[in-house]
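# Summary of the model geometry
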Amino acid sequence: MSKKNWAILVAAVLVATFGWLLYGGLNKNVVFFLTPQELISKGADGYDVPVRLGGLVVLATVQWDEKTLHLQFKVTDDTGTVLVHEVGAPPQMFQPGMGVVVEGKFGRDNVFQATNLMVKHSNEYHPPKPGEKPEEIYKTLIKGSTP
């Protein structure tokens, strides 16, 4: 086999591998980020598929059983709302009204079974101003709250 034929063969294998990753194999391993309305609008196509669901924790919907570590709350994007269940202690900064991203699967019972819960926070560190208490800083993480 000549060098030219080897080069063509290698190029064909690379193109085929890239095509497989792009259109098939990679798609099965990617976790998409959706809002509650986007997830609901997928209908049956949204069931039992790994996704990241992002939105705000609805006020007065958080229920946590410290004994069983079952956490339940609703996430909204102001258009759609999804009930979320997770087993485990919530992050220390987790509270109603703040932005969250949960990883998991949306079940046919219209409940999102979360395997991971992440809270939205600023990635910038600002030391407290003189006389400022940490509780005042935490309030800025809640939507519509002022310190």
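Residues numbered from 1 in each chain as written. Predicted model: local features only at pLDDT ≥ 70, side-chain atom pairs only at ≥ 80, totals over all residues. Heavy atoms only, no water.

### A few points about the overall build of the chain
Scanning the chain from terminus to terminus reveals three helices and seven strands. For the chain, the sequential pattern of α-helices and β-strands runs α-β-α-β-β-β-β-β-β-α. Relative to its 147 residues, the chain shows a buried fraction of 24%. The contacts in the chain between residues at least 6 apart in sequence include a share of 47% that link residues at least 24 apart. (Helix = DSSP H or I, 4+ residues; strand = E, 2+ residues; numbered from the N terminus. Buried < 20%, exposed > 50% of the residue type's maximum accessible area, 1.4 Å probe, protein only. Contact = heavy atoms within 4.5 Å.)

### Structural notes on the nonpolar core
Ranked by size, the top nonpolar core spans 20 residues in total, and within it Phe-73, Val-84, Phe-94, Val-100, Val-102 and Phe-112 carry the most contacts. Looking at this core, the elements that each hand over two or more residues are β2 (50-57), β4 (70-76), β5 (81-87), β6 (99-106) and β7 (111-119). At four residues, β7 tops the list of elements feeding residues into this core. (Core = buried A, V, L, I, M, F, W, Y, C linked by side-chain atoms within 4.5 Å.)

### Points about the environment of Ala-60
On the secondary structure map, Ala-60 appears in the loop between β2 and β3 (63-65). On a C-alpha basis, the gap between Ala-60 and Gly-97 in space is 9.1 Å, while along the polypeptide they are 37 residues apart.

### Description of the confidence of the model for the chain
Per-residue pLDDT for the chain averages 82, and the proportion of residues at 70 or more is 76%. A low-confidence stretch, residues 143-147 stays under pLDDT 50, and its non-local contacts, those more than four residues away or across chains, total seven contacts. (pLDDT = per-residue confidence, 0-100.)

### So, the environment of Gln-37
Looking at the element boundaries, Gln-37 is found in helix α2 (residues 36-41). The spacing of Gln-37 and Thr-79 is 42 residues in sequence and 6.0 Å in space, taken between C-alpha atoms.

### Considerations on the side chain of Glu-86
Relative to the helices and strands, Glu-86 resides in strand β5. The buried charged residue Glu-86 lacks any salt bridge, with Arg-52 as its nearest oppositely charged partner at 12 Å. Setting aside residues no more than four positions away along its own chain, Glu-86 makes contact with Leu-69, His-70, Leu-71, Ala-114, Thr-115, Asn-116 and Leu-117. (Lys, Arg positive; Asp, Glu negative; His and termini not counted. Salt bridge = Lys/Arg side-chain N within 4 Å of Asp/Glu carboxyl O.)

### As for the pattern of salt bridges
All told, the structure shown has two salt bridges when counted by the stated rule. One salt bridge in this structure joins Arg-108 and Asp-48, with 3.9 Å as the shortest N-O distance. Of this pair, Arg-108 sits in the loop between β6 and β7 while Asp-48 sits in the loop between α2 and β2, and the two are 60 residues apart along the sequence. For Arg-108, a relative accessible area of 59% corresponds to the exposed category. Note that Arg-52 is salt-bridged to Glu-103, the shortest N-O span being 2.6 Å. Of this pair, Arg-52 sits in strand β2 while Glu-103 sits in strand β6; the two residues are 51 residues apart in sequence, bridging distant segments of the chain. With relative accessibility at 35%, the residue Arg-52 sits in the partly exposed group. By relative accessible area, which is 17% here, Glu-103 ends up buried.

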